[in-house]
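Coordinate inspection notes
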Amino acid sequence: MHLVLSGEGNSDIGKLSYSLEKFIPASMYYLIDKIIEQKLQYSFYEFTPELITFIPKKRLLEESKKFKSFASKKKGKDTAIFYKNARALAKIAQDKSIELQDDDVIAILFRDSDGTVSTIKGMWEEKIKSIEYGFKFKDFNRGIAMIPKPKSEAWLICTLKDKPYESCQKLEDRSGNDDSPNSLKGELESLGLSSDEINKMIQSGAIDIDRIDMPSFEYFTKRLRGLL
């Protein structure tokens, strides 16, 4: 198996360290790693980091520009960029599969759903559809959309709040706008845990991913587990 990953910012999936020439994972990757570990019984990143290809957002956007696009009911004019991103990532994954002579390549495209309380309804579904259609257009059936609703902080807050894992679905109805009052980003920061501390909690199992009861998280875990 080989993973081809692309995220939105350095703090979600992770980043590429050009000086070290290696992928530096962040919290959303460690969630991926824990799901894989449940199946394989070992950390994919710890034992096989060479089987992970990380594509920075800038490169993916450059690759996306090679594709012409138009709005449709399946893509939608507001989510066409997600469709193009998925097409580009699928092409990279297919090239990697040919290079490695390995059909077991999985591509994961991470994006936040975002949106405000007034616009969030239907936004997650539209972005999922656009990404899935982009993978399908390239005849790539091992691509997965990783889209927290409304953003990655909601998944983490679910596991870290005063009453962890309780009523977490309500978090999906919150605004994804970082400038909004009581933003999810601000709430996560108020918990006083560093990114490294959260990552270690995911790795150790102190954060129990099987107790995260949120439709957007369950969609992703089901799709990934189905390909392992």
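All of the points below concern the structure found in this document. (Residues numbered from 1 in each chain as written. Predicted model: local features only at pLDDT ≥ 70, side-chain atom pairs only at ≥ 80, totals over all residues. Heavy atoms only, no water.)

What tends to happen in soluble globular proteins is that the nonpolar side chains get buried as a cluster. Core analysis: the largest hydrophobic core is formed by 41 residues, its most contacted members being Leu5, Ile13, Tyr29 and Ile32. A per-element tally of this core places helix α1 (residues 27-40) first, with 7 residues. If sequence neighbours within four positions are ignored, Ile13 has contacts with Leu5, Ser6, Gly7, Phe23, Pro25, Ala26, Met28, Tyr29, Ile32, Phe54, Phe110 and Met146. Phe67, Leu89, Val105 and Ala145 belong to the second-largest nonpolar core, a separate cluster that totals 22 residues. (Core = buried A, V, L, I, M, F, W, Y, C linked by side-chain atoms within 4.5 Å. Buried < 20%, exposed > 50% of the residue type's maximum accessible area, 1.4 Å probe, protein only. Helix = DSSP H or I, 4+ residues; strand = E, 2+ residues; numbered from the N terminus. Contact = heavy atoms within 4.5 Å.)

Here we come to the packing of aromatic side chains. A full pass over the atoms with the stated rule returns 11 aromatic pairs. Seen from their ring centres, Tyr83 and Tyr133 are 5.5 Å apart, and the 25° between their planes marks the pair as stacked. Placement of Tyr83 in helix α4 (residues 80-100) and of Tyr133 in helix α5 (residues 123-137) is noted, with a sequence separation of 50 residues between them. Judged by relative accessible area, which is 3%, Tyr83 ranks as buried. Between Phe135 and Phe140 the ring centres are 6.1 Å apart and the planes differ by 55°, which places this aromatic pair in the tilted class. Judged by relative accessible area, which is 10%, Phe140 ranks as buried. Here a set of aromatic residues connected by ring pairs shows up, and it is made of Phe23, Tyr29, Tyr30, Tyr45 and Phe54. (Phe/Tyr/Trp six-rings, centres within 6.5 Å; stacked < 30°, edge-to-face > 60°.)

On their own, these measurements won't tell you what the molecule is for.
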